[in-house]
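# Residue-level structural notes
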Amino acid sequence: MQAQPQASHYIDGAPVEDTAGEPIDVIYPYTGEVIARVHAATPAVLDRALDAARRAQRACGIGVGEPHRALRQPPQVGRMQPV
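Here we summarise the structure given alongside this text. (Residues numbered from 1 in each chain as written. Predicted model: local features only at pLDDT ≥ 70, side-chain atom pairs only at ≥ 80, totals over all residues. Heavy atoms only, no water.)

### Focus on the overall build of the protein chain
- Secondary structure assignment for the protein chain yields 2 helices and 4 strands.
- Along the chain direction, N to C, the helices and strands of the protein chain fall in the order β-β-β-β-α-α.
- Within the protein chain, the proportion of its 83 residues that are buried is 18%.
- A sequence separation of at least 24 residues applies to 39% of the contacts in the protein chain between residues at least 6 apart.
- Only carbon and sulfur atoms are counted for the fraction: they give 57% of the accessible area of the protein chain, which is about 6700 Å². (Helix = DSSP H or I, 4+ residues; strand = E, 2+ residues; numbered from the N terminus. Buried < 20%, exposed > 50% of the residue type's maximum accessible area, 1.4 Å probe, protein only. Contact = heavy atoms within 4.5 Å. Areas by Shrake-Rupley, 256 points an atom, 1.4 Å probe, with all protein chains shown as cover.)

Dropping the structure here:
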């Protein structure tokens with residue numbers, strides 16, 4: 001079985017390959033067979049991913065380091081009634 005992905009990383013919805021990272025074998029757990037090889041992220045890939053994440057947060061109206069609006073409100077929990 002082979003399942004080589006198009007790239008080791010996906011950033012901004014696009015495949016990103018950076019062969020400078022350490023190779024990582026992808027193992028099929030049922031057989032123990034190596035089915036693909038990907039590369040670990042390098043600092044350049046991490047910076048690119050973080051920049052994309054920051055742009056996405058701004059596009060959604062969420063500030064960097066700011067919790068999502070759903071997390072800023074306490075949960076709406078009803079009071080339990082005695083039986």
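### Notes on the pattern of salt bridges
- Enumeration over the complete set of coordinates arrives at 3 salt bridges.
- One salt bridge connects Arg 55 with Asp 12, and the closest N-O pair in it is separated by 2.4 Å. Of this pair, Arg 55 sits in helix 1 (residues 43-59) while Asp 12 sits in the loop between strand 1 (9-11) and strand 2 (14-16), and the two are 43 residues apart along the sequence.
- Across the salt bridge formed by Arg 37 and Asp 25, the nearest N and O atoms sit 2.6 Å from each other. One end of the pair, Arg 37, is in strand 4 (residues 34-39); the other, Asp 25, is in strand 3 (residues 23-27), with 12 residues separating them in the sequence.
- Residue Arg 37 is classed as partly exposed on the basis of its relative accessible area of 44%. (Salt bridge = Lys/Arg side-chain N within 4 Å of Asp/Glu carboxyl O.)

### Describing the environment of Val 34
- Among the structural elements, Val 34 can be located in strand 4.
- When the C-alpha atoms of Val 34 and Gln 2 are compared, they prove to be 8.0 Å apart, with 32 residues separating the residues in sequence.

### Considering the environment of Gly 13
- Within the fold, Gly 13 resides in the loop between strand 1 and strand 2.
- Once the C-alpha coordinates of Gly 13 and Ala 52 are considered, the two residues, 39 residues apart in sequence, prove to be 9.7 Å apart.

As far as function goes, none of this settles anything; it's purely spatial.
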